[in-house]
Amino acid sequence: MDGGAEAKLIDAGQRGEAPGDLPDYLVKTYSWAYLRPASLLIFDNTVAVGAILWGNIWRLMRAACEEFSTGQRILQAASVYGSLSAELADTVGPEGHLEVIDIAPLQVDHTRRKLAAYPQASVRVADAARPGGGLYDGVCCFFLLHEVPDAYKHAVVDGLLASVAPGSKVVFVDYHRPLPLHPLRFVMQGVFRLLEPFAEGLLRREIRDFAAERDSFAWRKETFFGGLYQKVVAERQS
Ligand SMILES: C[S@@+](CC[C@H](N)C(=O)[O-])C[C@H]1O[C@@H](n2cnc3c(N)ncnc32)[C@H](O)[C@@H]1O
């Protein structure tokens, strides 16, 4: 996205509008969560984020951060409420660089403010399906895939996998199909049906199945909290 287009989107975001060039799925399904200034006040705090993830936020953030190291240039594929970006910025340290992208200007602006104390971090408007920015040492995609339609899941997975060179990895942390007797299985089914209509598509398939270039990567998966969450790491082999 060029500077003029980004400035136009940021202006609209600052006025609290959902700019016209945002994808339909975001405007129609998630305006309440990401595109209104009030959303930031309601959701961007430890209590809300902790509750949404049933108390697993720290464990999941740790699982993501432990895949990266000091001095690396890392891409975070979308803003996240809470302190993940700060944790990633701490992980790469002053010698590294964290680049956060988000498709919503309001979120970009907000994340820039949150990261003001980290000179090693920058934030820009971009679509995770076309991140730009060249090749990174690592990419972190935290709870984005379940919020995009299946066709977009393919585009985002491919866009992020294309952003790493051999030896580098893309780390996905997201929802997963829970064990059959999971006590929260039906609660989460209700939540997904009511609020997160694209999540089911992620529970039905492995993340690697969304990748066109899946054979160029070594894949590993770990699940958490009775299978409700997953970390999938794709390391480029060739
Ligand atoms: C990472 S996801 C959900 C994270 C989690 N629910 C949380 O606590 O914030 C939320 C962000 O993804 C952004 N987003 C949605 N589609 C995107 C895309 N195609 N590219 C980049 N960012 C996107 C939204 O604007 C929103 O800020």
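Let me begin by describing the structure that accompanies this report. Numbers given for residues are sequential positions, taken from 1 along each chain in its written order. This being a predicted model, a pLDDT of at least 70 is required before a residue's local features are given, and a value of 80 or more before pairs of side-chain atoms are given or counted; all residues contribute to the totals for chains, interfaces and linings. Computation of side-chain values: all heavy atoms of the structure, hydrogens and water removed.

## Remarks on the overall build of the chain
- Secondary structure elements are taken from DSSP: a helix is a run of H or I of four residues or more, a strand is a run of E of two residues or more, and numbering for both begins at the N terminus. Assigned secondary structure in the chain consists of 10 helices and seven strands.
- C-alpha atoms define the radius of gyration in this analysis, and the globule rule sets the expected value at 2.2 Å times the number of residues to the power 0.38. Here the C-alpha atoms of the chain give a radius of gyration of 17 Å, agreeing with the 18 Å that 2.2 N^0.38 yields for 238 residues.
- We call a residue buried when its accessible area falls under 20% of the maximum for its residue type, exposed when it is over 50%, and partly exposed in between, using a 1.4 Å probe and counting protein chains only. Across the 238 residues that make up the chain, the buried fraction comes to 56%.
- With 25 positive and 29 negative side-chain charges, the chain shows a separation of 5 Å between the mean positions of the two kinds. His is not counted, nor are the chain ends, whereas Lys and Arg count as positive and Asp and Glu as negative. Where a charge lies is defined by one atom per residue type, namely NZ (Lys), CZ (Arg), CG (Asp) and CD (Glu).

## Some remarks on the site of the ligand
- Around the ligand sit 20 residues, and of these Tyr25, Tyr81, Asp102, Asp127 and Ala128 come closest.
- Any N or O atom pair separated by 3.5 Å or less is treated as a polar contact, with the protein-specific requirement of one donor-capable and one acceptor-capable atom, and with residues adjacent in sequence counted only for side-chain atom pairs. Tyr25 has a polar side-chain atom sitting 2.7 Å from a nitrogen atom of the ligand.
- Asp127 is positioned with one of its side-chain polar atoms (N or O) 2.9 Å from a nitrogen atom of the ligand.
- Contact with the protein chains covers 94% of the free accessible surface of the ligand, which is 590 Å².
- The way it works is a 1 Å grid over only the protein atoms, where trapped points that fit a 1.4 Å probe form a cavity and open points with protein on both sides within 12 Å along at least five of seven lines form a pocket, and then any residue with an atom within 4 Å of a point lines it. Placement in a cavity or pocket follows one criterion, namely that more than half of the molecule's atoms lie within 2 Å of its grid points. A molecule is said to occupy a pocket when more than half its atoms come within 2 Å of that pocket's grid points, and by this definition the ligand occupies the largest pocket.
- Of all the elements, helix α2 (residues 24–35) adds the most residues to the shell around the ligand, at three residues. Only a single heavy atom is needed: when it lies within 4 Å of a molecule or strand, its residue is near that molecule or strand. Note on areas: these come from Shrake-Rupley sampling with a 1.4 Å probe, and a residue is covered only by the protein chains present in the view.

## Some thoughts on the environment of Pro180
- As for its position among the elements, Pro180 is in the loop between β5 (164–175) and α9 (185–195).
- Each C-alpha atom, one on Pro180 and one on Gly226, is 9.3 Å from the other, the two residues being 46 residues apart in sequence.

## Some thoughts on the layout of surface pockets
- Grid points are joined across faces, edges and corners, and a volume is the space filled by probe spheres set on the points. Reported here for the largest pocket is a volume of approximately 780 Å³.
- Around the largest pocket, the lining is made up of 36 residues, and of these Tyr34, Phe143, His146, Glu147 and Glu196 lie nearest the centre.
- The element best represented in the lining of the largest pocket is α2, accounting for six residues.
- Looking at the lining of the largest pocket, its residues break down into 29 nonpolar, three polar and four charged. Each residue gets one of three labels, nonpolar for Ala, Val, Leu, Ile, Met, Phe, Trp, Tyr, Cys and Pro, charged for Asp, Glu, Lys and Arg, and polar for the others, Gly among them.

## A closer look at a nonpolar patch on the surface
- Where nonpolar side chains cluster on the molecular surface, the patch consists of Trp32, Leu194 and Leu195 and spans about 330 Å² of accessible area.
- Relative to the elements of secondary structure, Leu194 occurs in helix α9.
- Accessibility expressed as a relative area gives 72% for Leu194, which makes it exposed. Surface patches are defined over residues having more than 30% relative accessible area and no salt bridge, joining like charges when they lie within 9 Å and nonpolar side chains (Val, Leu, Ile, Met, Phe, Trp, Tyr) when within 5 Å. A pair is scored as a salt bridge if a Lys or Arg side-chain nitrogen falls within 4 Å of a carboxyl oxygen belonging to Asp or Glu.

## Looking at a positive patch on the surface
- Taken together, the side chains of Arg177, Arg204, Arg205, Arg208 and Arg214 define a basic patch exposed on the protein surface.
- Counting through the fold element by element, Arg177 comes out in the loop between β5 and α9.
- For Arg177, a relative accessible area of 40% translates into the label partly exposed.

## A short note on the packing of aromatic side chains
- Centres within 6.5 Å are what make two rings of Phe, Tyr or Trp a pair, Trp counting through its six-membered ring; a difference in plane orientation under 30 degrees is then read as stacked, over 60 as edge-to-face, and the rest as tilted. Counting across every chain of the model gives 14 aromatic pairs.
- Taking the centre distance of 5.7 Å and the plane angle of 35° together, the rings of Tyr34 and Tyr81 count as tilted. Pair noted here: Tyr34 is in helix α2 and Tyr81 is in the loop between β1 (73–76) and α6 (84–92), with a separation of 47 residues, a long-range link.
- Of the residues examined, Tyr81 reaches a relative accessible area of 12% and is grouped as buried.

## Remarks on the side chain of Ser168
- Summarising the element assignment, Ser168 is placed in strand β5.
- Note on definitions: a residue-residue contact is assigned when non-hydrogen atoms from the two residues lie within 4.5 Å. Once residues within four sequence positions are removed from consideration, Ser168 is found in contact with Tyr136, Asp137, Ala234, Glu235 and Arg236.

So yeah, pure geometry; function would need other evidence.
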